[in-house]
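Listed here are the chains, written in short residue letters.
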Amino acid sequence: MQRLAVLAAALLLACVSAANAQVVTVPPTPQIGSSNPITAEPPVPRPATQHCVVQLFQNLAFADVTPKSFSYTPPAACPG
C-alpha cells in the first residue's frame, strides 16, 4: 500500500510539473519583445558601376515545368 501511495505521489508530481512547463509558441510574424528574436543578414554590397540589362530570351513559351536551357555570354561592354 505504501508503494502505491509513493507511486501515486510521484505521478501527481510529474503531472503538476508538466502542467507548469512553459511552452513558447512562435508567432508567424516577429513581435516586439518576442522571445524569438530575428537578426537581419548584412546587406550585399553593390558595385559603383552602371548595371547592365540583357534580354535573355524572347517569345519562349513556358508550356510546362521542364527547364528550358539557353546559352548566355555577358556583353563585352558590361562591367564586372
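Let me begin by describing the structure that accompanies this report. (Residues numbered from 1 in each chain as written. Predicted model: local features only at pLDDT ≥ 70, side-chain atom pairs only at ≥ 80, totals over all residues. Heavy atoms only, no water.)

### So, the overall build of the chain
Selection criterion: A run of DSSP states H or I qualifies as a helix once it reaches four residues; a run of E qualifies as a strand once it reaches two. Both are numbered from the N-terminal end. With a 1.4 Å probe rolled over the protein chains alone, any residue whose accessible area is under 20% of its type maximum counts as buried; one over 50% counts as exposed, and the rest are partly exposed. In these tables, accessible area is a Shrake-Rupley quantity obtained with a 1.4 Å probe, and a residue counts as shielded only by the protein chains included in the view.
A count of helices and strands for the chain gives 1 helix and 0 strands. The buried share of the chain, taken over its 80 residues, is 0%. Of the roughly 8,100 Å² of accessible surface on the chain, a fraction of 63% belongs to carbon and sulfur atoms.

### Points about the state of the cysteines
Formally, a disulfide is one covalent bond, and it connects the sulfur atom of one cysteine to the sulfur atom of another. We apply this condition: The disulfide definition used here is simple: a pair of cysteine sulfur atoms within 2.5 Å.
What the rule picks out here adds up to 1 disulfide. Sulfur-sulfur distance for the disulfide between C52 and C78 comes to 2.2 Å. Across the S-S bond of C52 and C78 the torsion is about 135 degrees, and the bridge reads as right-handed. Within this pair, whereas C52 is found in the segment after α1 (2–20), its partner C78 is found in the segment after α1, the two being separated by 26 residues in sequence. The exposure class of C78 is partly exposed, given its relative accessible area of 23%.

### What to know about a nonpolar patch on the surface
Quick reminder of the rule: Put simply, a patch holds well-exposed residues, over 30% relative accessible area, that have no salt bridge, with like charges counted together within 9 Å and Val, Leu, Ile, Met, Phe, Trp or Tyr side chains within 5 Å. Salt bridge, as used here: a side-chain nitrogen of Lys or Arg that lies within 4 Å of a carboxyl oxygen of Asp or Glu.
A surface patch of nonpolar side chains, amounting to about 650 Å² of accessible area, comprises V54, L56, F57, L60, F62, F70 and Y72. Structurally, the position occupied by Y72 is in the segment after α1.

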